[in-house]
Amino acid sequence: MKLIYEKSSPGRSGVQMSSIKISPTEEIPEKYLRSQPAELPEVSEAEVVRHFTALSRLNFSVDTHFYPLGSCTMKYNPKACEAAANLPGLTEVHPLWPQLRGGGLLTQGSLEVLYKTERLLSEATGLAEFTLQPMAGAHGELTGVMIMAAYHKDKGNEKDHIIIPDSAHGTNPASAMIGGYEVVTIPSDENGVMDFDLFRDALNEKTAGVMLTSPNTLGVFNPRIKDICNAVHEVDGLMYYDGANFNAIMGRYRPGDMGFDICHLNLHKSFATPHGGGGPGAGPVGVVEKLRPYLPVSRVEKTKDGTYALNYDEPKSIGYISPFYGNFGVIVRAYSYILSLGRDGMLGTSNRAVLNANYLQEKLRPLFEEEYKGRCMHEFVYSGSCLKQYGVHTLDIAKGMIDRGIHPPTVYFPLNIPEAIMVEPTETEDRDTLDHFVAVMEELFDLAKNDPDKLHAAPVSTPVGRLDEVKAARDMRLSYS
Amino acid sequence: MKLIYEKSSPGRSGVQMSSIKISPTEEIPEKYLRSQPAELPEVSEAEVVRHFTALSRLNFSVDTHFYPLGSCTMKYNPKACEAAANLPGLTEVHPLWPQLRGGGLLTQGSLEVLYKTERLLSEATGLAEFTLQPMAGAHGELTGVMIMAAYHKDKGNEKDHIIIPDSAHGTNPASAMIGGYEVVTIPSDENGVMDFDLFRDALNEKTAGVMLTSPNTLGVFNPRIKDICNAVHEVDGLMYYDGANFNAIMGRYRPGDMGFDICHLNLHKSFATPHGGGGPGAGPVGVVEKLRPYLPVSRVEKTKDGTYALNYDEPKSIGYISPFYGNFGVIVRAYSYILSLGRDGMLGTSNRAVLNANYLQEKLRPLFEEEYKGRCMHEFVYSGSCLKQYGVHTLDIAKGMIDRGIHPPTVYFPLNIPEAIMVEPTETEDRDTLDHFVAVMEELFDLAKNDPDKLHAAPVSTPVGRLDEVKAARDMRLSYS
Amino acid sequence: MKKTPFCATSEQDQAAMFQELGISDFDELFSAIPEELRSDELNIPEGLSEMEMMQHIRKVASKNSTDLINFCGAGFYDHYIPAAVSALSSRGEFYTAYTPYQPEASQGTLQAAFEYQTAICRLTGMEVANSSLFDGGTALIEGIMMALRHTRRNKVLVDEGVNPIYREMLRCYTQNLSVDYQEVPLSGSGVADRKTYADALDDSIGAVVLQNPNFFGCLDNLSELIEKIHEVKALAVMSVYPMALSLVETPGAMGADIVTGEGQSLGLPLNFGGPYLGFMATKKEYVRKMPGRIVGETEDAQGRRGYVLTLQAREQHIRREKATSNICSNVQLCALRAIIYLSLVGREGFLDVGRQCMDRAGYAWQKLTEIEGIEPAFNRRFFNEFAVRLPKDASEVVSELIDQGIAAGFPVGRYYKGMENVLLFAFTEKRTKEEIDIMVAKLESALKA
Amino acid sequence: MKKTPFCATSEQDQAAMFQELGISDFDELFSAIPEELRSDELNIPEGLSEMEMMQHIRKVASKNSTDLINFCGAGFYDHYIPAAVSALSSRGEFYTAYTPYQPEASQGTLQAAFEYQTAICRLTGMEVANSSLFDGGTALIEGIMMALRHTRRNKVLVDEGVNPIYREMLRCYTQNLSVDYQEVPLSGSGVADRKTYADALDDSIGAVVLQNPNFFGCLDNLSELIEKIHEVKALAVMSVYPMALSLVETPGAMGADIVTGEGQSLGLPLNFGGPYLGFMATKKEYVRKMPGRIVGETEDAQGRRGYVLTLQAREQHIRREKATSNICSNVQLCALRAIIYLSLVGREGFLDVGRQCMDRAGYAWQKLTEIEGIEPAFNRRFFNEFAVRLPKDASEVVSELIDQGIAAGFPVGRYYKGMENVLLFAFTEKRTKEEIDIMVAKLESALKA
Ligand SMILES: Cc1ncc(COP(=O)(O)O)c(C=O)c1O
Ligand SMILES: Cc1ncc(COP(=O)(O)O)c(C=O)c1O
C-alpha cells in the first residue's frame, strides 16, 4: 500500500484549521525559526480516513481474529471500558490542575478513580499499597527495582545483584540492570521452574532480591514459592513478583499471601485494557507495608473530610517515575473492568482462562506427541520439533495459521524449549473457537507431512508474504524519503 | 459467513444486564405473557464484536472505496459532523420534554439547532420556510404533495393530477400517487429533459403541480425551467423541486429564485450526512411564503425573549407527518456541515462536484464512443451499448469494477438510456482517484474486447460471486430458521 | 484564497482539470444555464474551522438539560444502550455505505439486515419482516395502507389505545385519500372495547388497528378480538413496543396480520425524536404487499450462500406510481443497531431487561398509589408504563417537577379530553429505587402545595 | 448462578470441557499448587452490570470540572483534536492488536509506525526516529542514557530550562546509577547560560541536556552551544515541544544529537497525565544505540514492499540485561494518533495551528504586561508560553482564579526557588480573545484585592 506521503500532492488540504487572528504578527528573528515547513502530507480528510481505515484492515486483532499469543493475554477488551475511558469528563482534565492551589477539588473524580483502583489492586494482590504510575510492565519492574534499592539503602544493606530464572521475560534482567544491579541467571529444572538448588547456591547476603513470574512463561506454577520467599527474606532480600501472568491466578492466589514483597501487574493483559498494537499499557506496582515509604510520589490520599488529595511529601520516596499519575486512560479501563468483574468475576475469569488453556493443551497433545506432564495454568508450551523430520518448523506452522485467519501463538519463546509454540487462549474465547483452533492445527500438521512446501510458502493470503528481515536491518530504511 | 444465530449456543451470554430487583414480583396472568422467550442469539460480547466487525468488512463504503454511484452523491461524510451529532447533550434528550409545560427551556439547544438549520436551508434554497420533519427524500416528496393538496383544497382548486417527467426518480410518481393524485408522465426530449411541448399539452386546470429534478438524473439542467414555472403558475399549479441533486447547484442557483414553490433536499446527499447502508436520511421541505400555513406541525419559533418554542397551533397545517421534529441526529450532521462550509464553501462544493464530473465525462468520452453533447452537471450518463458487440454488458463492467476496488456507478438507470452507466464522482474525490477510475475503466474495456469471459465471471474478489436473484425471489428465504 | 472544506482538489489539480476541459473558470461549466437564474451570494456566515464548529455545537448542546430524571415514555424510552452498539455501528464500512444495490460489495449490510429481519420475526412471532421503515408511526400507516390494498376496502377502525401521536399521523396521511377513518374509544378498564368492536365490525372494514401494550401501558390479549376481525375478512394491524415483547404475548400468537412498531428502544438513543426505527412484520402470504426493502437468502454460481434485496417488484424504483409505497431510503443503520443490541443482550439478557422494567414500574405503582388523592387510571396489568389520576391538572404538576429536575411523565390530557388530571409514567431498567423515591416524594409535595 | 462477565464459556461448554479433562470442578485444575497458598475470598464488591458500571463512572467523571478555561501548559497542552483522530484510532483492528511480532499480519500497525517515524524525522530535522517511548520524560532519560552509553562517560549537564518535572524524573532514575548529574542555572534572560557552559564543558561530560522552547517558553538558537558541546565530544540531547516545531528552528538544524519530546500535543487528550507519547529521534550513526522499537522497510520474496520491526538486537527480548533499554510495550496507539493528526492537519494546517498559538500568546502578553504591577519575567521571544512576575504570590492568585473557573497558569515557584511570584501562561489555538480578556480582567482584580 502507498504511504501517506506518496498520496500527498501540493496544495491539497485536510481538516480546516482556524485562521482567526487576534493580535498583530510579532516578528521573531529568523534565526529562531525553521526555514522550511515540515514536509507533512498534503491530503484531504477523506484520503486520510481511507488511508488509515485501509491500514487498519491489514492488521490481525482481537476484534477480528483469535489471537492466542502466549504470555500476552490477548483477551477481549470490553467496549464499555473503552466508553468509560473516553468520557470527556475524564479525558479533558489537565494533570496539573490538582497541583494548583484549590484545583484538587475540581479533579475529585479523577483522583477517586486512582484511589479506588489502588485499593482494588491491593485487595486483589494482597499487598498493602499500590502506585499506578508505571506506564508498562517493564516500567513497573524498574520501579520495583528502584524501590528495592531505596529499601536496601535505607537499611544500610549492601546489595549488588538480583536473581532471575532463565525463563524470565527479557524485561526482568533488563530492568534489574537499568535499576543498577547485576543479574544472576538461574537455569530452569526439568519441570520448567527455577532450579531450586542452583538458586540456593546463588543466594547470598549480597542478593538484593529475586524476580519471579508465577505461573512462569511456560504456564507452570512454582510449587516451592514459599521456600524461595523464606530463603530470600532470611538474607533481607526482597521478592519481586512479575504479575504479567496474573490472569492465571486472579481471585485464587495472591502474591502478597505467597510471600512476595513487590509485584507489578500488566493492566493491558490481565485487566483487559487493549494493547494498542504495542501500547499504551500500564504496570502498577504493589508493595508490602514496609516498602510503602519508598513508593514514588505523588501518592493519592483520602483526607479526613472524605476528599482526595495528592501528597508529595514522602521523604523516603524514590521520587518521580512518571510526570504524573501514570497512564490514566488505561487505569480507567482497568477500573471499570474490575468493577464489572467484581469478586466472583475475578475468580471466574482465571478459572476459565486456565480451563481453556488446559482444554487446548489436552486436545493438542497427541498432535505434538507430548507426554502428559501435568496441568498447565493459563498457557502452555509445546515443541514443534516433531515436525523437523518433514523439514517444517514452528515458524511455518505460524505462517500457515495466518492464512487460516488465526493469529499465531508466541513462537520461539521461551528460549529453552526448541521450536517452542506457546498458546494462551484466554477466557473470552468460546469452545467453538478452541475446537476450530485444534482443527486448524491438525490441518497444518497434515500439510506439514504431505505438502510441506505449501507451508514454507505461507502466508499467501496477506498483503505481503514473509518479509526479508535481514534486508531490513541491512538497508536501514527507517523513514520515507 | 455464519449467521449470528448459527454462532449461538445455549447458555452463552453477552453483555451483563442488571438484575437488581426493587419490588416483589407481581404475577401477570399467563395469557398476557409469551410462552417462550424470543430466540435471540446466545453469544459472548466478544463474538458479537467479531461478527459485526467481520460483517462490516464485507461492505464497500465511502470510507474504504471510491463510490461514484450516480444520483446518490456518495461524498465523504466528515467525522466532525459525526462527533457533533453524537454529543450526549444532543442524543440524550427525550422528544417529549419540550412539550411538557416548562420543558421547552430545558431543550433550548436542540430547538436552536432546528431553528437555525431551517434558516440556513431557507437561505440556501431561496424559499421562505422549511420543515425538517421528513425522514427521507421520498418522505419529503409526500409532504410536499400533501402541502399541494392542502393549498388547493384551501383555495377551492379542483386538481387531480401531477405532471412528472419520465426521467424522474421512482419516488416522485410513487409519492404523488400516495398523496392522492394521478400521475401524468412526460417523456424526455433528445437532450434528456422533459419534452416541453408534450408538457404544455398535458398541462391544464386540473394540474395540481409539476415535480422536477434539475439537474435531472442525467445530470442535465433544464434551461426552460422559468417557462415551465410560469406556465404552471398560470393554472395555479405548484412547482415541486426534487432537490436530491442539489449538490450540483448549491450556492449558485436557488430553487426559489427559479420559480419553484416547494422543494425537498436530501441531507444524506448534498449535505454530507452518511447514508448508513440505506438510511437514515432526512428530506427537509421548503416552501414559498404562500404555502407556509400548510406546513406540518410542530413549527419551531423564536419568541420575543429570544428563546425557542414549539407551535402546534396552525389551523391550516397538514398535521403530523412525523412523530416529532424529523431525524434530529441527521439534522445535526447537516447543520454542522453547513456551518463548516459557510457561504463560500457552498459554492466551492458545487463547483468542484461539477468540475469532477465534467473531468471524468471528458476523459471517458473516447472509451464510450460518445459525442460531445455539452457539459454535464454533477453527474453524467453514458451507455455501455458499445460493448454489446463483445457480448459484454454494463453489468459486467460494474462487477469487474468491484474486483478493482471501486464501487460501481449506478447502472441501468435512468431507464431511457440503454445499458446506462451513471457516474457521480462528488467533490471530495481528488484527481488521482478520478484518473485511477479512468484507468480502471480502460482496463475493463480492454478486457471486454480481449477476454470477455473474465468479466462475465466477475466479481471474484468478493466473499460471494454474482448472486442468483431469481432464486431469492422464488425461495423467499427471508429469515433464518 | 480560502479553501473549500472537504474538497480534495488542490489549486494545481484544478488548473490541470480546467485545462483538460478547456475552461478558465467554474462559471464556464454552467454556461448552458440562463445567466438570469444565477443567485446572489448567499447570506450565510463564513465557514467555520472544525474546531470552531465543534465549539459552537458543544455550546449549543450545553443549553439542553440532559440530567433530568426521566419518567416520560409515551412510546419512546431511554433504555440502556451497551457500548458495543455504537462501537460497531460507527464503523465506517457500515455507515458510509449506500443501499446495497451491488450485493457482492454489500454482504455486510445485507447479512445484518437478514439477521435483523429474523430477530423481528422472533420477537413478534410473525413469519416475515422487512428491513426497516422510517419510524413506528409511518410503519403503522404503511401497515394500514397495506391492509386496505389487500382487502380492497377503505374503512379503518383505529383503537384509541393506539399512541395518539400516531393517530395524529394517521389522520394527516389519510386526509386526501378515500379512506374512511374511525376511532374506537377505550373500554372503562383501559383496553380495546369488545362491545364497540362487535357492533362496528362488518365487511366494509379493511383494517382494525390495535396496540399492545396500549398507550396507557395496559396489557391485553387480543386473540378473540382478532378472530372476530378475521371473521369479517378484515386484517388486524397491531402496533407493539418491542421491549415489551421480552415478556408479553406476541402479536403473532394472537393472530395479528400486520405488526408494526417503533424499534427505538432496541439500542437507539432518544435523539430528540430521531432517527428511529420503524419495523414491520407480517404473514408470509402478505409479503408481496409489504412495503420497504426485504433481504432474502440465495446462492452464487458456486453454491455459496449470500444475501440480496429481493421482491423488488413491489418498490418505487421499479413500479413507480404502482409501487406498494414511495419509500426508498429507509433506516438500515438503525436496524443494524437493533440487531447488534439484540445480539449483545441475547436471549437471557433481553428477559433481564424486560423484568427490570416491569420491576421498576411495579415498585413505582406501589408507591404512587399509596399517595392520598392519587388513583390508578386503570388496573394493575402493565409492562413498564401506567397512568394515574391526580387530584389536579397533570400538566401543572409536571411543570412543578420539571423545575426540580424531574420529567415526571406525560400528561395525557392533550390527546384525551377529560383526562387532564391523568399522568402517564414510564420506567426503564435505568431508573433506580432512589430516583423513583425522589420523584414520588416531590410529586407528593407538589400535590399538597 | 451469576455469570462471569466477558467469559465465553457456557455452563454446557464447561461441563463438556470438564469431562474432556476428567475433572469435576475448577479446583482440580490447580491441584498441583499447595492448598495453603489459596487466598480467602476477595474483599471486593460484587460485579456490576455494564449499565451500573457506566452509571458509576459517569457519576465519578461528573465530579471533575472540565469547563475550566485553561491557561496551564507547562509541557502539556490542550490543543484541538480533529474528530477523525479518534474515529480512526478507535478502530478495533488498531487498538486490539498486539505488538507487530508477525509482520504479515500487522502491516497496518507497522506501516503507520513507519509513517510516524518519518513525520518525527521531518518535524525534528533528524535522520531516524523510533516508534515511541512512554512519554517525554522517560524519553529524555533514555536519551541521556543513550548518550552516556555512546560516550562512555558518566557526567551530565542538565539545563534548568528543561521541564522541572522531567528533571525530577532524571534525578529519580539516576539515583542508583553511577551518573554524575549536574544542573545548570538559566541566564538572566531565561535561556541556556553560555558562560556557565563554557566553564563547565570538558571531556568528562557525556551529555548536555537542553530544551527549546524551554520551560519558560523562551526560544533560543542553540547551534553555537551545541558546537561547543561537540568540541568536547559530548552529545547534545534536546527536549522539544513538537507543536512549536511548526515554526521554530529544528533541533536537527541546530546540530542536536538526540532529540526527545512529549508528543501529547499531536492529537492526544490531556487525559489527566496519560497515556502520552514519548518520541525520540537521532542521527543515523547512533541508531544502534537507540532504545525502543524501530520499524524498517523491506520486501517479501516477490519484491513487494513491507514493514518489519528491525534492529531488534538492541532490545530486551533478545539481549536481556545487555539491552539498550528495558522497554517492551511502548505507546504505539498514541504514535498512531500522532501520525493521523499530522496527516489530517497536513503541511499547511500545522503551520496554521502554530501561528494561532503564537497569536493568542502574543495577544495575552500585550494585555498582561499592560497591567500595573505585572512584569515580564523574560523577553518577548516565545512560541505559545511565557512567564510574568506578579506583585504577589502566584499560587494565591491562581487559587483565586480557579474558584472563578479559570486555570490561570502554572506558578513556577514550586520548582524554582525565588520565583514564587512568577506565573507561566500557555496558549493554544483553542483559546479565544474573549477567554483571554476574561482571564486578564479577573487577574487584574485579583491583584488589586
Ligand atoms: C512475563 C512478562 N513480564 C513482563 C512483560 C513486560 O510487560 P510490558 O510489555 O508491559 O513492559 C511481559 C510482556 O510481554 C511479560 O509477558
Ligand atoms: C433524484 C432523487 N429523488 C428522490 C430520491 C429519494 O430519496 P430518498 O431515498 O431519501 O427517499 C432520490 C434517492 O435516490 C433521488 O436520487
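Residues numbered from 1 in each chain as written. Chains lettered and ligands numbered in written order. Predicted model: local features only at pLDDT ≥ 70, side-chain atom pairs only at ≥ 80, totals over all residues. Heavy atoms only, no water.

## Section: the overall build of chain A
Next up, step 1: Counting secondary structure elements, chain A contains 14 helices and 12 strands.
Next up, step 2: Taking 2.2 N^0.38 as the reference for a compact globule, 481 residues should give roughly 23 Å; the C-alpha atoms of chain A span a radius of gyration of 25 Å, in line with that estimate.
Next up, step 3: Taken along its principal axes, the extent of the C-alpha atoms in chain A is 75 × 60 × 45 Å.
Next up, step 4: Expressed as a percentage of its 481 residues, the buried residues of chain A come to 70%.
Next up, step 5: Split by element, the accessible area of chain A, about 14,300 Å² in all, is 49% carbon and sulfur.
Next up, step 6: Side chains of chain A give 46 positive and 61 negative charges; the mean places of these two sets differ by 4 Å. (Helix = DSSP H or I, 4+ residues; strand = E, 2+ residues; numbered from the N terminus. Rg over C-alpha atoms; globule rule 2.2 N^0.38 Å. Buried < 20%, exposed > 50% of the residue type's maximum accessible area, 1.4 Å probe, protein only. Areas by Shrake-Rupley, 256 points an atom, 1.4 Å probe, with all protein chains shown as cover. Lys, Arg positive; Asp, Glu negative; His and termini not counted. Charge placed at Lys NZ, Arg CZ, Asp CG, Glu CD.)

## Describing the site of ligand 1
Next up, step 1: Close to ligand 1 lie 15 residues; Ser71, Asp242, His268 and Lys269 of chain A together with Ser329 of chain D are nearest.
Next up, step 2: Around ligand 1 the close residues trace back to chains A and D.
Next up, step 3: One of the side-chain N or O atoms of His169 of chain A is found 3.1 Å from an oxygen atom in ligand 1.
Next up, step 4: Side-chain polar atom of Ser329 of chain D to an oxygen atom of ligand 1: 2.6 Å apart, as the coordinates give it.
Next up, step 5: Computed on the free molecule, ligand 1 has an accessible area of 390 Å², of which 99% lies beneath the protein chains in the complex.
Next up, step 6: Top contributing element to the shell around ligand 1 by residue count: helix α5 (residues 137–155) of chain A, with 3 residues.
Next up, step 7: Grouping the amino acids of the shell around ligand 1 by side-chain chemistry returns 5 nonpolar, 7 polar and 3 charged. (Near = heavy atom within 4 Å. Polar contact = N/O pair within 3.5 Å; in protein donor to acceptor, adjacent residues only side chain to side chain. Nonpolar A, V, L, I, M, F, W, Y, C, P; charged D, E, K, R; others polar.)

## Quick notes on the interface of chain A and chain B
Next up, step 1: Of the residues lining the interface, 23 residues belong to chain A; the matching set on chain B comes to 24 residues.
Next up, step 2: Carbon and sulfur atoms make up 42% of the area that chain A and chain B hide from each other, which totals about 2,000 Å².
Next up, step 3: On the chain A side of the contact with chain B, Arg12, Arg50 and Arg57 of chain A bury the most area, a combined 33% of that side's loss.
Next up, step 4: Our enumeration of links across chain A and chain B arrives at 6 salt bridges.
Next up, step 5: When the shortest N-O distance is used, the salt bridge between Asp432 of chain B and Arg12 of chain A registers 3.1 Å.
Next up, step 6: Along the contact surface separating chain A from chain B lie 15 residue pairs in polar contact (both at pLDDT 80 or more).
Next up, step 7: Elements with a contribution of two residues or more to the side of chain A that touches chain B: α1 (45–56) and α12 (431–450) of chain A.
Next up, step 8: Element by element, the count of residues in the side of chain A that touches chain B is highest for α1 of chain A, at 6 residues.
Next up, step 9: Along the lines of polarity and charge, the residues of the side of chain A that touches chain B split into 6 nonpolar, 5 polar and 12 charged. (Contact = heavy atoms within 4.5 Å. Buried area = accessible area lost by both parts, 1.4 Å probe. Salt bridge = Lys/Arg side-chain N within 4 Å of Asp/Glu carboxyl O.)

## Structural notes on the interface of chain D and chain A
When the parts come together, some accessible area is lost, and that loss is often what is quoted as the size of the interface.
Next up, step 1: On the chain A side, the residues contacting the 184 residues of chain D number 203 residues.
Next up, step 2: When chain D packs against chain A, the two sides together hide about 17,200 Å² of surface, and 63% of this comes from carbon and sulfur.
Next up, step 3: Across the chain D-chain A interface, the total number found is 12 salt bridges.
Next up, step 4: Between Glu41 of chain D and Arg343 of chain A there is a salt bridge; the shortest N-O distance is 3.8 Å.
Next up, step 5: Connecting chain D to chain A are 85 residue pairs in polar contact (both at pLDDT 80 or more).
Next up, step 6: For the side of chain D that touches chain A, the element with the most residues is helix α12 (residues 332–370) of chain D, which contributes 23 residues.
Next up, step 7: In the side of chain D that touches chain A, the residues fall into 92 nonpolar, 51 polar and 41 charged.

## Quick notes on the packing of aromatic side chains
Next up, step 1: Under the defined criterion, the tally for this structure stands at 76 aromatic pairs over all chains.
Next up, step 2: Note on Phe66 of chain B and Phe437 of chain B: the rings are 5.5 Å apart at their centroids and 90 degrees apart in plane angle, and the pair reads as edge-to-face. Of this pair, Phe66 of chain B sits in the loop between α1 (45–56) and α2 (79–85) while Phe437 of chain B sits in helix α12 (residues 431–450), and the two are 371 residues apart along the sequence. With respect to burial, Phe66 of chain B and Phe437 of chain B carry one shared label: buried.
Next up, step 3: On the numbers, 4.6 Å between centres and 40 degrees between planes, the contact of Phe114 of chain C with Tyr307 of chain C is tilted. You can see Phe114 of chain C sitting in helix α5 (residues 107–124) and its partner Tyr307 of chain C sitting in strand β10 (residues 305–310), a full 193 residues away along the chain. Each member of the pair, Phe114 of chain C together with Tyr307 of chain C, is buried. (Phe/Tyr/Trp six-rings, centres within 6.5 Å; stacked < 30°, edge-to-face > 60°.)

## Section: helix α8 (residues 225–234) of chain A
Residues and elements named next belong to chain A.
Next up, step 1: Within α8, burial applies to Ile225, Ile228, Cys229, Ala231 and Val232. End-on view of α8: buried residues confined to an arc of 165 degrees, all on one side of the axis.
Next up, step 2: In this fold, the buried residues of α8 make contact with α7 (196–202), β4 (207–212), β5 (238–243) and α9 (255–258).
Next up, step 3: Immediately beyond the C-terminal end of α8, within one or two residues, lies Asp236, with a positive phi of roughly 55 degrees. (Arc of directions from axis to C-beta.)

## A word on unusual backbone geometry
Residues and elements named next belong to chain A.
Next up, step 1: Along the chain, Gly279 connects to Pro280 via a cis peptide bond; the corresponding omega equals 5 degrees.
Next up, step 2: Relative to the elements of secondary structure, Pro280 occurs in the loop between β6 (262–265) and β7 (285–287).
Next up, step 3: Backbone geometry places Glu369, a non-glycine residue, at a positive phi of 50 degrees.
Next up, step 4: Looking at the element boundaries, Glu369 is found in the loop between α10 (328–368) and β10 (380–383).
Next up, step 5: The exposure class of Glu369 is exposed, given its relative accessible area of 59%.

## Considerations on the site of ligand 2
Next up, step 1: In the vicinity of ligand 2 there are 15 residues, among which Gly137, Asp242, His268 and Lys269 of chain B together with Ser329 of chain C approach most closely.
Next up, step 2: Taken together, the residues near ligand 2 originate from chains B and C.
Next up, step 3: Gly137 of chain B places a main-chain nitrogen or oxygen 2.6 Å from an oxygen atom of ligand 2.
Next up, step 4: Here an oxygen atom of ligand 2 sits 2.6 Å away from a polar atom, N or O, in the side chain of His268 of chain B.

## Section: the relation of the copies chain A and chain B
Both copies of the chain are related through a single rotation about an axis accompanied by a shift along the same axis.
Next up, step 1: Once turned by 180 degrees and shifted 0.0 Å along the axis, chain A lies on chain B with an RMSD of 0.0 Å. The transformation relating the two chain copies, once decomposed into turn and shift, fits a two-fold axis. Closest to the rotation axis within chain A is the C-alpha of Arg57 of chain A, separated from it by 4.2 Å.
Next up, step 2: The overlap is high: 100% of the interface residues of chain A also sit at the interface in chain B, so the same surface is used on both sides. (Least-squares fit on C-alpha atoms with pLDDT ≥ 70 in both.)

## Quick word on the pairing of strand β6 (residues 235–240) of chain C
Residues and elements named next belong to chain C.
Next up, step 1: Among the 6 residues that make up β6, 6 are buried, leaving the element largely enclosed by the rest of the structure.
Next up, step 2: Neither face of β6 is left uncovered, since the one carrying Leu235, Val237 and Ser239 and the one carrying Ala236, Met238 and Val240 both have all their residues buried.
Next up, step 3: With 6 bridges joining them, strand β5 (residues 205–212) and β6 adopt parallel strand pairing. Counted as the bridge partner of Val209 is Val237 from β6.
Next up, step 4: Since β5 and β6 lie parallel, the crossover through helix α9 (residues 223–231) that links them has a hand, and here it is right-handed.
Next up, step 5: Sheet topology note: the β6/strand β7 (residues 258–262) ladder contains 4 bridges and is parallel. Considered in β7, the bridge of Ser239 is made with Thr260. (Pairing = 2+ DSSP bridges. Right-handed = clockwise from strand over helix to strand, strands pointing away.)

## Observations regarding the environment of Glu39 of chain B
Next up, step 1: Within the element layout of this structure, Glu39 of chain B appears in the segment before α1.
Next up, step 2: A relative accessible area of 36% means that Glu39 of chain B is categorised as partly exposed.
Next up, step 3: Separated by 34 residues in the primary sequence, Glu39 of chain B and Tyr5 of chain B have C-alpha atoms spaced 8.9 Å apart.
Next up, step 4: Among all residues touching Glu39 of chain B, those that are not within four sequence positions of it are Tyr5 of chain B together with Arg122 and Arg347 of chain C.

## Digging into the sheet that holds strand β14 (residues 410–411) of chain C
All names here are of chain C.
Next up, step 1: Here 4 strands make up an open sheet; going across it, the order is β11-β12-β15-β14 and the pairing antiparallel. In this open sheet, the two strands that pair with only one neighbour each are β11 (375–376) and β14.
Next up, step 2: Where β14 and strand β15 (residues 422–426) come together, 2 bridges link them in antiparallel fashion. Paired with Phe410 across the strands is Leu424, a residue of β15.
Next up, step 3: Those strands touched by helix α12 (residues 332–370) are β11, β12 (385–389) and β15, and its axis lies near 5 degrees from that of β12. (Axes fitted to C-alpha atoms, helices over the stretch in contact; angles between N-to-C directions.)

## As for the environment of His79 of chain C
Residues and elements named next belong to chain C.
Next up, step 1: Tracing the sequence through the fold places His79 in the loop between β1 (69–70) and α3 (83–89).
Next up, step 2: A residue is classified by how much of its surface remains accessible, and His79, at 4% relative accessible area, is buried.
Next up, step 3: Along the backbone, His79 and Met17 are 62 residues apart, and their C-alpha atoms lie at a distance of 52 Å.
Next up, step 4: When near neighbours in sequence (up to four residues on either side) are disregarded, His79 contacts Tyr241, Met243, Ser265, Val353, Cys357, Thr428, Glu429 and Lys430.
Next up, step 5: A polar atom in the side chain of His79 sits 2.7 Å from the side chain of Tyr241.

## Overview of the pattern of salt bridges
Next up, step 1: Under the counting rule described, the total for this entry stands at 114 salt bridges over all chains.
Next up, step 2: For the salt bridge of Lys195 of chain D with Asp199 of chain D, the shortest nitrogen-to-oxygen distance reads 3.6 Å. Of the two residues, Lys195 of chain D and Asp199 of chain D are both situated in helix α8 (residues 194–200); the distance of 4 residues between them amounts to about one turn of the helix.
Next up, step 3: A single salt-bridge network, built from bridges that share partners, covers Arg57 of chain A, Arg57 of chain B, Arg91 and Glu93 of chain C together with Arg91 and Glu93 of chain D.

The analysis is restricted to geometry; functional conclusions fall outside its scope.
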